[in-house]
Amino acid sequence: EMLRSLVGSEMCIRDSIKDRVNRQSVIGAMTSTQERLKLYTKTPNNGLILFCGTILSEDGKTEKKVVIDFEPYKPINQSLYQCDNLFHTEPLRELLDNDQTFGFIIVDGNGALYGTLQGNARDIKFKFTVELPKKHGRGGQSSVRFARLRMEKRHNYLRKVCEIAVQQFIEDNQPNVAGLVLAGSADFKNELATTQMFDPRLAAKIVKVVDVSYGGENGFNQAIELSLEALQNVRFVQEKKLITQFFEEISKESGLYVYGIDDTMSALAQGAVEKLVLYENLEIRRVTCRLKEAGVDENDLTKLRILYLLPHQCLDSKYFKDKQTQQELDIIENVSFTEWISENYTSFGATLFLITNKSPEGFQFVKGFGGIGGLLRYKLDMEAQAFEDYQDDEDGFI
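The structure displayed is predicted, hence computed values, not measured ones.

The rules behind these values
Residues numbered from 1 in each chain as written. Predicted model: local features only at pLDDT ≥ 70, side-chain atom pairs only at ≥ 80, totals over all residues. Heavy atoms only, no water. Core = buried A, V, L, I, M, F, W, Y, C linked by side-chain atoms within 4.5 Å. Buried < 20%, exposed > 50% of the residue type's maximum accessible area, 1.4 Å probe, protein only. Helix = DSSP H or I, 4+ residues; strand = E, 2+ residues; numbered from the N terminus. Contact = heavy atoms within 4.5 Å. Disulfide = S-S within 2.5 Å. Pairing = 2+ DSSP bridges. Axes fitted to C-alpha atoms, helices over the stretch in contact; angles between N-to-C directions. Phe/Tyr/Trp six-rings, centres within 6.5 Å; stacked < 30°, edge-to-face > 60°.

Novice: Tell me about the nonpolar core, and please be specific about residues and values.
Specialist: Ranked by size, the top nonpolar core spans 22 residues in total, and within it Met265, Leu268, Leu276, Phe337 and Ile341 carry the most contacts. Those elements that provide at least two residues to this core are helix H8 (261-269), strand E11 (273-279), strand E13 (304-309), helix H9 (337-344) and strand E16 (372-376). Examining the composition of this core, we find that 4 residues originate from one element, H8, more than from any other. Setting aside residues up to four positions removed in sequence, Ile341 forms contacts with Leu268, Leu276, Leu278 and Phe348. Of all hydrophobic cores here, the second largest spans 21 residues; its members include Leu132, Leu158, Cys162 and Val177.

Novice: Lay out the state of the cysteines in plain terms, naming residues and giving numbers.
Specialist: Tallied over the full model, the rule gives 0 disulfides. Not part of a disulfide, Cys289 finds its nearest cysteine sulfur in Cys314, a span of 8.9 Å.

Novice: Tell me about the sheet that holds strand E14 (residues 329-336), and please be specific about residues and values.
Specialist: One open sheet holds the 3 strands; their spatial order is E13-E12-E14, and the pairing between them is antiparallel. The sheet is open, and its two edges are formed by E13 and E14, each paired on a single side. When strand polarity is set aside, the average angle formed by the axes of neighbouring strands in this sheet is 25°. Pairing between strand E12 (residues 285-291) and E13: 6 bridges, direction antiparallel. Counted as the bridge partner of Arg285 is Leu309 from E13. Its contacts with the sheet place H9 against E12, E13 and E14, and it is angled at close to 75° to E14.

Novice: If you had to explain the packing of aromatic side chains to someone new, which residues and values would you point to?
Specialist: Tallying each qualifying case throughout the model produces 17 aromatic pairs. On the basis of an interplanar angle of 80° and a centroid distance of 5.0 Å, the ring pair of Tyr259 and Phe369 is categorised as edge-to-face. Placement of Tyr259 in strand E10 (residues 257-259) and of Phe369 in helix H10 (residues 360-369) is noted, with a sequence separation of 110 residues between them. By relative accessible area, Tyr259 is classed as partly exposed at 26%. Members of the aromatic cluster, each reached through a chain of ring pairs, are Tyr114, Phe126, Phe128, Tyr157, Phe169 and Phe188.

Novice: Help me get a handle on the sheet that holds E11, residues and values and all.
Specialist: Taking strand neighbours across the sheet as the criterion, the 4 strands line up as E10-E16-E11-E15 in an open arrangement whose pairing is mixed. This sheet does not close on itself; its edge strands, each paired only once, are E10 and strand E15 (351-355). Across the sheet, the mean angle separating the axes of adjacent strands is 20° when strand polarity is ignored. When E11 meets E16, the two strands line up antiparallel, connected through 5 bridges. Within the sheet, the bridge partner assigned to Leu276 lies in E16 and is Gly374. Running at roughly 130° to E10, H8 makes contact with E10, E11 and E16 of the sheet. Against the sheet, H10 contacts E10, E11, E15 and E16, and its axis sits at roughly 105° relative to E16.

Here you go:
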């Protein structure tokens, strides 16, 4: 409703745009936006992304109007309305850049809260309160008994915190978070980090213990702010560990590795890739083509060819010929390889790891190995493979 009113108010000032072509483009985009918003009776659970405007076609000459609307795959916790000469995709990039989930336990003398942080989306998974006895100030024999009861209740409370932590952060006998932050305003957080009651699998995931001034949701928010730097380092360390493992397999000549777009896709097709490593800004396009000949059945898969090309190669007709028959190919689909593999990697039985080029290891992987590779379940003789489905690129993909 707020977005509809924003678009409506923007329509009121359209006459102030002096350029006629620009004014007509703005009016058309706003009208299309209003019509598309009518399809939604309420905001989707994860929010709504809507782009509307005029863009250049792939040939760079003709213009076409686009209206793109979708619900993001995870919550987007910010509001942005902008009428500009470009689409602002920064919030979407943040969703993709911050795919790891981190767990938080906020514990003090009043209760405990269990939450997760993924990107800029925080979620409270569980919380409970507790009433612990205060220190007994009177003397006599009762002071010893009250002190013992107080310690027993603290111990039982700590045990409960540990048990619920397992319920929230362990799935299939493995932690479901990349890292764990313990926070609180009293000594409970330190006791939790050191007690033997805390599951060793979760103890190994602790990245930071922080002091916060509050408990509950306010403490959760403060803990997030105080631990952001530590959480960023977790991804850096994990990325470095993964690529180091990749380099070790190469140095050992174990045969349990693969790199380059063609060899990696061949290994994926055989189900041999266990860990698929991909540079997050890889420019390769996945182009689906069909032989250009009369009477070709559109459902005949033997006439299809899959090409993996760089953007500038997509503009060169020499790449769109069958390498055996030299027949011309018609383009059916041209999509980002990164987007395609992100949606389909599970069908190959692999686990996808997106990396950056910000670490020395990541930079070497991108520059020296083409930004794509994998760790294998078993050895493959890549030189003996003869897959016609993948093009041997002339421009030197490794």
